[in-house]
Amino acid sequence: MRAVRVAGPGVVEVAEVPAPKLEAPTDAIVRVTLAGICGTDLHLSSGHADGVPPGTRLGHEFVGDVVDVGSHVRRIAPGDHVMGADFTACGACRFCEAGDHWHCKERAFFGTGTAYGPELHGAQAELVRVPHAETTLAPTGGLSDEAAILAGDNLATGWIAVERAGARPGEIVAVLGGGAVGQLVALSALTIGAAAVVLVEPSVARRELAERRGVLAATPEEAPALVRALTDGDGADVVVDAVGGTRVLASALGIVRKRGRIVSVGAQPDAAFALPVARAFVDELTLSFAIGDAIRTRSQVASLLRRHALDPGWVIDGRVPLSEAARAYAELRAQRFLKVVLDPHR
Ligand SMILES: [Zn+2]
Ligand SMILES: [Zn+2]
């Protein structure tokens, strides 16, 4: 079968690889009907990430049809059309029972090499092996493949940012970064009733996309003045970092109000950050970090999607055959797309 893998720094290729087989009685094999390319994939294939050598098979966002299941899998059966989560979890440990699937000892993150734990081959492929299938997979329940792809990762991340921040109706939310995740944070904040959402993004095209959905948009230079104007000079109630990196955390500190909450959902590659603790203490700031948990949030998110209370399909602006994955990655890297999905069967 064909699968997308890292070819070298900043380059991917589509290669012929052995088809996956069931390895445990809790596994399933899924025939992928659509797979997303995520900002994480761009980072992992850039040559700047550890644990992702050439040959690593990429992709952690997928939707497809179950073709085979292990002997212990009961709730999922061949023929089911399912959405994946970006990582697996056992569903039974203390962390899983608390809804903190990322911290499960059985977690394996699809298509990320050994960057986050044991390797599990990626889903940008014709077939993917899914451990702990009953926990990792869920029926799409009539969602479009595009909506299900988003619920499996980027929208789970957007949603958890708002949830972790404890954002309440009527609050002012600033979002740093207008990539797919930033746009979905903004949409999630509007859905829970934010009075205003300010998306801070250098790209004019990405600012315009947000403005069309009722989001206020600003360049990084304009943002502090806009946030001050909206809040009588106080600062934003919630600031979400949807980019990652310590420079963005510093920007967040520049626009958050006293007793405000900063949540970072962007990957943090730096080992340390100089937090101004004297101010953080006096202003009683909260700084937290969150990783989307599609397994926990997908049923809540899916019910919003089904009723069109949350309508994120526009975020996906590229649909490309799997065979053209190298081009799709290059164009996404050049920001000619916001979000691309790969079709393995076209
Ligand atoms: Zn991702
Ligand atoms: Zn677990």
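Predicted model only: the values in this text are computed from it and were never measured. (Residues numbered from 1 in each chain as written. Chains lettered and ligands numbered in written order. Predicted model: local features only at pLDDT ≥ 70, side-chain atom pairs only at ≥ 80, totals over all residues. Heavy atoms only, no water.)

Q: Before we go on, may I ask you to explain the packing of helix α5 (residues 154-165) against helix α6 (residues 180-191) in this structure?
A: Packed helix pairs are specified by the crossing angle of their axes together with the interaxial distance, meaning the distance between the axes. Look at α5 against α6: their axes get within 8 Å of each other, and the N-to-C directions meet at 50°. Viewed along their axes, α5 and α6 adopt a mutual orientation that is oblique. Between α5 and α6 lies a crossing of right-handed hand. Two secondary-structure elements touch here, α5 through N154, L155, T157, G158, W159, A161 and V162 and α6 through A180, V181, L184, V185, S188, A189 and T191. Classifying every residue of the contact of α5 with α6 by side-chain character gives 9 nonpolar, 5 polar and no charged. (Axes fitted to C-alpha atoms, helices over the stretch in contact; angles between N-to-C directions. Helix = DSSP H or I, 4+ residues; strand = E, 2+ residues; numbered from the N terminus. Parallel < 35°, antiparallel > 145°, perpendicular 65-115°, else oblique. Left-handed = near helix turned anticlockwise from the far one by under 90°. Contact = heavy atoms within 4.5 Å. Nonpolar A, V, L, I, M, F, W, Y, C, P; charged D, E, K, R; others polar.)

Q: Explain the coordination of the zinc ion (ligand 2) to me, please; I cannot follow it from the model alone.
A: Each pair of donors in an ideal octahedron of six around a metal sits at 90 or 180 degrees, and each pair in an ideal tetrahedron of four sits at 109.5 degrees. Here the zinc ion (ligand 2) is held by the protein donor atoms C90 (SG), C93 (SG), C96 (SG) and C104 (SG), which lie 2.3 to 2.4 Å from it. Coordination at the zinc ion (ligand 2) comes from 4 donor atoms whose angles at the metal span 104 to 114°, giving a geometry best classed as tetrahedral. Within one chain, the residues donating to the zinc ion (ligand 2) are spaced in sequence as C-x2-C-x2-C-x7-C. (Donors = N, O, S within 2.8 Å, 3.2 Å for Na, K, Ca; no water. Tetrahedral: all angles 85-135°; square planar, octahedral: opposite > 155°, others 65-115°.)

Q: Looking at this structure, I do not really get the coordination of the zinc ion (ligand 1). What am I missing?
A: Surrounding the zinc ion (ligand 1) are the protein donor atoms C38 (SG), H60 (NE2) and D153 (OD), at 1.9 to 2.2 Å. Classification of C38 by relative accessible area gives buried; the value is 6%. Exposure remark for D153: the relative accessible area of 6% places this residue in the buried category. (Buried < 20%, exposed > 50% of the residue type's maximum accessible area, 1.4 Å probe, protein only.)

Q: Please clarify how the environment of G235 should be interpreted in this entry.
A: Locating G235 in the fold gives a position in the loop between α8 (223-230) and β11 (236-241). Using a relative accessible area of 8% as the deciding quantity, one classes G235 as buried. Residues G235 and P224, 11 residues apart in the sequence, show an inter-C-alpha distance of 8.1 Å. Not counting chain neighbours up to four residues away, the residues in contact with G235 comprise V227, I255, V256 and R257.

Q: It is not clear to me how the packing of aromatic side chains should be interpreted in this structure. Could you clarify?
A: Geometrically, a pair of aromatic rings is defined through the distance of the ring centres and the angle of the planes. Inspection of every chain in the model, using the stated rule, returns 6 aromatic pairs. When the centroid spacing of 6.4 Å and the interplanar angle of 75° are considered together, the rings of F87 and F109 count as edge-to-face. With F87 in the loop between β5 (81-84) and α2 (94-97) and F109 in the loop between α2 and β6 (127-130), this residue pair connects regions lying 22 residues apart in the sequence. By relative accessible area, F87 is classed as buried at 1%. Above the face of the W102 ring, R107 is positioned so that its terminal group lies 3.7 Å from the ring centre. (Phe/Tyr/Trp six-rings, centres within 6.5 Å; stacked < 30°, edge-to-face > 60°. Lys NZ or Arg CZ within 6 Å of the ring centre and 35° of its normal.)

Q: Can you walk me through unusual backbone geometry in this structure?
A: Where the residue is not glycine, phi is negative for most of them; where a peptide bond is considered, it is trans in most cases. Positive phi, close to 50°, is recorded for D232, a residue that is not glycine. Considering the arrangement of structural elements, one finds D232 in the loop between α8 and β11. One non-glycine residue, H308, lies in the positive phi region at around 60°. Assignment of secondary structure puts H308 in the loop between α11 (294-306) and β14 (318-321). On the basis of relative accessibility, which here comes to 57%, the residue H308 falls in the exposed class.

Q: I tried to follow the pattern of salt bridges on my own but got confused; where do I start?
A: Working definition: two side chains of opposite charge can pair if their charged atoms are close together. Enumeration over the complete set of coordinates arrives at 18 salt bridges. Where E134 meets R75, a salt bridge forms, and the shortest distance between an N and an O atom there is 3.5 Å. Taken together, the residues E134 in helix α3 (residues 133-136) and R75 in the loop between β4 (61-69) and β5 connect sequence positions 59 residues apart. Among the salt bridges present, the one from R327 reaches E331, with a minimum N-O distance of 3.7 Å. Here the residue R327 and the residue E331 both occupy positions in helix α12 (residues 325-333), the gap between them amounting to 4 residues, near one helical turn. (Salt bridge = Lys/Arg side-chain N within 4 Å of Asp/Glu carboxyl O.)

Coordinates in, geometry out; function isn't part of it.
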